[in-house]
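In case you want the letters, here they are:
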Amino acid sequence: MSLLADLGSEPQVPLWRHWIAGVEPIGRMTLPSGARHLLGTELLVQAVSRERMLVLRTGAVGANLPIDRRGRLVLPAWFRGTTRPSGSVLVSARSAAIPTIVLAGTGLLKDLVSQMAAEAR
């Protein structure tokens, strides 16, 4: 019971929200509405790659990546390869001072879970 007391009673506002989104065979995906909402009415975001992930921001440095009014974007060719095994991506978004969306192939989750399972032995 002491562990529950350590959690505190004040609800915490999550810094990140997460979704799994499908990728079409042509490499196009639709951002979840919660993630798209963070970008406002911007139809152009800047994309930067970090490790095997793609970081999207507005008004930042990086390659321009257009988003249509429905929230669809065409993923860069190098990133599509990370999505092929599952046909989906992990979408993580936060609305801090600079709204940020991070895309990662769901294979990253498989690697993380495998590592955690191996360490738990």
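Given the structure is predicted, the values throughout are model-derived calculations rather than measurements.

### A short note on a nonpolar patch on the surface
Consideration 1: On the surface, Ile20, Leu109, Leu112 and Met116 cluster together to form a nonpolar patch covering roughly 360 Å² of accessible area.
Consideration 2: Sorting elements by how many residues they give to the nonpolar patch places helix H4 (residues 107-119) first, with three residues.
Consideration 3: Mapping Leu109 onto the fold places it in helix H4.

### Section: the side chain of Thr100
Consideration 1: On the secondary structure map, Thr100 appears in strand S8 (residues 100-105).
Consideration 2: Residue Thr100 is classed as buried on the basis of its relative accessible area of 2%.
Consideration 3: Within polar-contact distance, the side chain of Thr100 engages the side chain of Arg57 at 3.1 Å.
Consideration 4: Ignoring any residue separated from it by four or fewer positions in sequence, one finds Thr100 in contact with Trp16, Val55, Leu56, Arg57, Ser92, Ala93 and Arg94.

### Details of the sheet that holds strand S1 (residues 17-22)
Consideration 1: As summarised here, the arrangement of the six strands in space is S1-S7-S8-S4-S3-S5, forming an open sheet in which the pairing is antiparallel. Each end of this open sheet is capped by a strand with a single partner; those strands are S1 and strand S5 (63-66). Across the sheet, the mean angle from the axis of one strand to that of its neighbour is 30°, orientation sign disregarded.
Consideration 2: Sheet topology places strand S4 (residues 53-57) next to S8; five bridges connect them, and they run antiparallel. The partner of Met53 across the bridge, within S8, is Ala104.
Consideration 3: Packing of H4 onto the sheet brings it into contact with S1, S4, strand S7 (88-94) and S8, and relative to S8 it is tilted by some 75°.

### Here we look at the side chain of Gln46
Consideration 1: Counting through the fold element by element, Gln46 comes out in strand S3 (residues 44-50).
Consideration 2: Since its relative accessible area comes to 9%, Gln46 is described here as buried.
Consideration 3: From its side chain, Gln46 meets the backbone nitrogen of Gly59 in a polar contact 2.9 Å long.
Consideration 4: Within polar-contact distance, the side chain of Gln46 engages the side chain of Asn64 at 2.9 Å.
Consideration 5: Leaving out residues up to four positions away in the same chain, Gln46 has contacts with Val55, Leu56, Arg57, Thr58, Gly59, Ala60, Val61, Gly62, Ala63 and Asn64.

### What to know about the confidence of the model for the protein chain
Consideration 1: Taken residue by residue, the protein chain gives an average pLDDT of 86. The fraction at 70 or more is 89%.
Consideration 2: Across the protein chain, the secondary-structure element scoring lowest on mean pLDDT is helix H1 (residues 2-7), at 53, and the one scoring highest is strand S2 (residues 28-30), at 96.

### Focus on the packing of aromatic side chains
Consideration 1: Scanning the entire structure with this criterion turns up one aromatic pair.
Consideration 2: Ring geometry for Trp78 against Phe79: centres 5.4 Å apart, planes inclined by 80°, an arrangement best described as edge-to-face.
Consideration 3: For Trp78, a relative accessible area of 42% puts it in the partly exposed group.
Consideration 4: Note on Phe79: relative accessible area 0%, which makes it buried.

The rules we used
Residues numbered from 1 in each chain as written. Predicted model: local features only at pLDDT ≥ 70, side-chain atom pairs only at ≥ 80, totals over all residues. Heavy atoms only, no water. Patch = residues over 30% accessible without salt bridge, like charges linked within 9 Å, V, L, I, M, F, W, Y side chains within 5 Å. Areas by Shrake-Rupley, 256 points an atom, 1.4 Å probe, with all protein chains shown as cover. Salt bridge = Lys/Arg side-chain N within 4 Å of Asp/Glu carboxyl O. Helix = DSSP H or I, 4+ residues; strand = E, 2+ residues; numbered from the N terminus. Buried < 20%, exposed > 50% of the residue type's maximum accessible area, 1.4 Å probe, protein only. Polar contact = N/O pair within 3.5 Å; in protein donor to acceptor, adjacent residues only side chain to side chain. Contact = heavy atoms within 4.5 Å. Pairing = 2+ DSSP bridges. Axes fitted to C-alpha atoms, helices over the stretch in contact; angles between N-to-C directions. pLDDT = per-residue confidence, 0-100. Phe/Tyr/Trp six-rings, centres within 6.5 Å; stacked < 30°, edge-to-face > 60°.

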